Amino acid sequence: MTAMVRRLTNEAGAMTIEVALYMPLVAMLAGLLWIYGVTAVASSTVLHAATDAARAASADRNTARAQYDAVGVAHSVLDGQHLHCHDITVTTDLSGFRVPVGQPAQVAVDVTCRITLADLYMPGLHGEKILHEHAVSPLDTFRIRT
């Protein structure tokens, strides 16, 4: 009787079939997590560039120098983190420099970076991704602005 029960419930090779069925799902999940992680790191790099650019612009006394520093710092951060942007756009809102001394004011910077998916994920992949971040930094309320 026990020999017949063993033959009817034979599970020989069941583990192999389970592995064959689940491995593609595990590989796909791992790939999606990797893509999400790489995208998060790239987006964080663009946010870092925008934040540092806004901070650099807010430390200046005039709009011309603030614009120059914001663009330079944004490019420097993106290059330093090895994010290969095909187009980098740094837009600054320096209207805070026109606010009279003694009143609160701020500087805003937008950084947009266009990258190809081949650079971000895997060589041979087609398409583009646009990463955009916005950062604001306050101007010193009692510092002379020109």
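Keep in mind the model is a prediction, meaning the values are calculated, not measured. Along each chain, numbering runs from 1 in the same order as the chain's sequence is written. Restriction of local features to residues with pLDDT of at least 70 applies here, the model being predicted, together with a cutoff of 80 or more for giving and counting side-chain atom pairs; totals for whole chains, interfaces and linings are based on all residues. The side-chain quantities take in all heavy atoms of the structure and omit both hydrogens and water.

Peer 1: Residues and numbers for the sheet that holds strand β3 (residues 128–139), please.
Peer 2: Here the rule is simple: two strands pair whenever DSSP picks up at least two bridges between them. Helix numbers and strand numbers start at the N terminus; a helix is a DSSP run of H or I with at least 4 residues, a strand a run of E with at least 2. In space, the three strands of this open sheet follow the order β1-β2-β3, with antiparallel pairing throughout. Edge positions in the sheet fall to β1 (87–93) and β3, since each of these pairs with one other strand and no more. Sheet twist, expressed as the mean angle between neighbouring strand axes with direction ignored, is 15 degrees. Working rule for contacts: check all heavy atoms of both residues, and any pair within 4.5 Å makes them a contact. As a rule, the C-alpha atoms of each element are fitted with a line to give its axis, helices using only the stretch in contact, and angles between N-to-C directions run from 0 to 180 degrees. Its contacts with the sheet put helix α3 (residues 63–80) on β1 and β2 (105–116), and the angle it makes with β1 is roughly 145 degrees.

Peer 1: Kindly report on a nonpolar patch on the surface, identifying the contributing residues and their values.
Peer 2: Like charges are joined within 9 Å and nonpolar side chains (Val, Leu, Ile, Met, Phe, Trp, Tyr) within 5 Å, but only among residues with over 30% relative accessible area and no salt bridge; these make up the patches. Calculation of accessible area relied on Shrake-Rupley with a 1.4 Å probe; when residues are assessed, cover is drawn exclusively from the protein chains displayed. Any Lys or Arg side-chain nitrogen located within 4 Å of an Asp or Glu carboxyl oxygen qualifies as a salt bridge. Residues Met15, Ile17, Val19, Leu21, Tyr22, Met23, Leu25, Val26, Met28 and Leu32 make up a contiguous nonpolar surface patch of roughly 1100 Å² in combined accessible area. Note that methionine 28 resides in helix α2 (residues 14–58). On the basis of relative accessible area, methionine 28 is assigned to the exposed category, the value being 54%. The rule is simple: take the accessible area with a 1.4 Å probe, protein chains only, and divide by the maximum for that residue type; under 20% is buried, over 50% is exposed, in between is partly exposed.

Peer 1: Which residues make up unusual backbone geometry, and what values do they have?
Peer 2: Positive phi values are uncommon outside glycine, yet histidine 82 reaches one of about 60 degrees. Structurally, histidine 82 can be placed in the loop between α3 and β1.

Peer 1: Before we move on, could you go through α3 and cite the residues and values that matter?
Peer 2: End to end, α3 covers 25 Å across 18 residues, agreeing with the expected 26 Å (1.5 Å per residue, within 8%). Residues of α3 that are buried include every one of Ala66, Asp69, Ala70, Ala74, Val77 and Leu78, and no others. Taken around the axis of α3, the buried residues stretch over an arc of 155 degrees, which confines them to a single face. Away from its buried face, by an angle of more than 90 degrees, α3 presents the exposed residues Ala64, Tyr68 and Asp79. Capping of α3 at its N-terminal end is provided by asparagine 62; its side-chain oxygen lies 3.4 Å from the backbone amide nitrogen of alanine 64. Looking one or two residues past α3, histidine 82 carries a phi angle of roughly 60 degrees, positive in sign. By this rule the span expected of a helix is its residue count minus one, scaled by 1.5 Å. Note: the arc covers the axis-to-C-beta directions of the helix. Within 3.5 Å is the distance limit for a polar contact, defined as a pair of N or O atoms, with the added protein rule that one can donate a hydrogen and the other accept it, and that residues adjacent in sequence qualify only through two side-chain atoms.

Peer 1: Tell me what's going on with the pattern of salt bridges, and back it up with residues and numbers.
Peer 2: Taken as a whole and judged by the stated rule, the model has four salt bridges. The shortest N-O distance in the salt bridge between aspartate 69 and arginine 65 comes to 3.5 Å. Here aspartate 69 and its partner arginine 65 are both found in helix α3, four residues apart, which amounts to about one turn of the helix. What makes arginine 65 partly exposed here is its relative accessible area of 45%.

Peer 1: Lay out the nonpolar core in plain terms, naming residues and giving numbers.
Peer 2: Ranked by internal contacts, the top residues of the largest apolar core, which has 30 residues, are Val46, Leu78, Leu83, Val107, Val109 and Val111. Elements represented by at least two residues in this core include exactly α2, α3, β2, α4 (117–120) and β3. Looking at this core, the element that brings in the most residues is α2, giving eight residues. Beyond its immediate stretch of four places on either side in the chain, valine 46 contacts Leu78, Leu83, Val111, Cys113, Leu131, His132 and Glu133. Throughout this description, the term nonpolar core refers to a set of buried Ala, Val, Leu, Ile, Met, Phe, Trp, Tyr and Cys residues connected via side-chain atoms within 4.5 Å.

Peer 1: Lay out the environment of isoleucine 144 with the relevant residues and their values.
Peer 2: Along the chain, isoleucine 144 falls in the segment after β3. According to the relative accessible area criterion, isoleucine 144 is exposed, its value standing at 56%. Separated by 44 residues in the primary sequence, isoleucine 144 and proline 100 place their C-alpha atoms 8.8 Å from one another. Setting aside residues no more than four positions away along its own chain, isoleucine 144 makes contact with Arg61 and Val101.

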